Amino acid sequence: MKKATFIMMLGITVAVVAGIAPLKWKTTSIDLGQVEKNEIKSLSFEFTNMTETPIRILEAKGSCGCTNVKFPNGEIKAGETASITADFRSGRPGSFKKNIRIKTSTSDEYTYLHFKGEVLE
């Protein structure tokens, strides 16, 4: 009985913690549509710090060398809004799906921002 109660309480705790996201993203996915080969497209992912303490973006990295990512270097204060921006240079013709991996000071988990489109011939 004690083991079942412990497991149930652990599950509730995990569910509550998982429901409280430190960053609230305006969007985590962007569709660039059709882009020309070798075109540079700018992306912006806006977020708000939903915690009561400052947060730092420790890492923001694109899934390939075609994406140049920029992120705030300093602390993002409680309630403050900031952005992760990127420049994507299109390459080979065809459909693409890329991501940007984000690591913050509040979690060991990564957040993934996604973008997709089609490079024209």
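In what follows, the accompanying structure is described.

Rules used in this analysis
Residues numbered from 1 in each chain as written. Predicted model: local features only at pLDDT ≥ 70, side-chain atom pairs only at ≥ 80, totals over all residues. Heavy atoms only, no water. Pairing = 2+ DSSP bridges. Helix = DSSP H or I, 4+ residues; strand = E, 2+ residues; numbered from the N terminus. Axes fitted to C-alpha atoms, helices over the stretch in contact; angles between N-to-C directions. Polar contact = N/O pair within 3.5 Å; in protein donor to acceptor, adjacent residues only side chain to side chain. Contact = heavy atoms within 4.5 Å. Phe/Tyr/Trp six-rings, centres within 6.5 Å; stacked < 30°, edge-to-face > 60°. Buried < 20%, exposed > 50% of the residue type's maximum accessible area, 1.4 Å probe, protein only. Lys NZ or Arg CZ within 6 Å of the ring centre and 35° of its normal. Salt bridge = Lys/Arg side-chain N within 4 Å of Asp/Glu carboxyl O. Disulfide = S-S within 2.5 Å. 1 Å grid on protein atoms, 1.4 Å probe; cavity = no way out; pocket = protein on both sides within 12 Å on 5 of 7 lines; lining within 4 Å. Points joined across faces, edges and corners; volume = space filled by probe spheres on them. Nonpolar A, V, L, I, M, F, W, Y, C, P; charged D, E, K, R; others polar.

**Here's the deal with the sheet that holds strand S8 (residues 110-120)**
Strands sit in the order S2-S8-S7-S4 across an open sheet of 4 strands; the sheet is mixed. Since the sheet does not close on itself, it has two edges, and those belong to strand S2 (29-36) and strand S4 (57-62), each with one partner. On average, each strand axis in the sheet is tilted by 20° relative to the strand beside it, whichever way the strands run. Strand direction decides the pairing type here: S2 and S8, joined by 6 bridges, are parallel. Along S8, the bridge assignment pairs serine 29 with histidine 114.

**So, the side chain of asparagine 49**
On the secondary structure map, asparagine 49 appears in strand S3 (residues 40-49). In terms of polar contacts, asparagine 49 uses its side chain to reach the backbone carbonyl oxygen of threonine 53, at 2.9 Å. Leave out the neighbours within four places in its chain, and asparagine 49 touches Pro22, Leu23, Pro54, Ile55, Ile76, Lys77, Ala78, Gly79 and Glu80.

**Brief notes about the packing of aromatic side chains**
Inspection of the entire model under this criterion finds 5 aromatic pairs. Measuring from ring centre to ring centre gives 5.0 Å for tryptophan 25 and phenylalanine 47, while their planes differ by 50°; the resulting arrangement is tilted. Residue tryptophan 25 is located in strand S1 (residues 23-25), and its partner phenylalanine 47 is located in strand S3; the two are separated by 22 residues in the primary sequence. Neither tryptophan 25 nor phenylalanine 47 differs from the other in exposure class; each is buried. The rings of Phe88, Phe96 and Phe115 are connected pair by pair, giving a single aromatic cluster. Seen from the ring of tyrosine 110, arginine 101 lies directly overhead, with NZ or CZ sitting 4.5 Å from the centre. The lysine or arginine in question, lysine 103, covers the ring of tyrosine 110, its NZ or CZ lying 5.9 Å from the ring centre.

**Observations concerning the pattern of salt bridges**
All chains considered together, the criterion is met by 3 salt bridges. For arginine 101, the salt bridge identified is with glutamate 59, shortest N-O distance 2.6 Å. With a gap of 42 residues between them, arginine 101 in strand S7 (residues 94-104) and glutamate 59 in strand S4 connect regions that are remote in the sequence. We note a salt bridge from aspartate 108 to lysine 103, for which the minimum N-O separation is 3.7 Å.

**A short note on the state of the cysteines**
Scanning all chains against the criterion turns up 1 disulfide. The disulfide partner of cysteine 64 is cysteine 66, and the gap between their sulfur atoms is 2.0 Å.

**Details of the layout of surface pockets**
A volume near 170 Å³ is recorded for the largest pocket. In terms of lining, the largest pocket is formed by Ala21, Pro22, Leu23, Trp25, Thr104, Ser107, Glu109, Tyr110 and Thr111. Across the lining of the largest pocket, the residue classes break down as 5 nonpolar, 3 polar and 1 charged.

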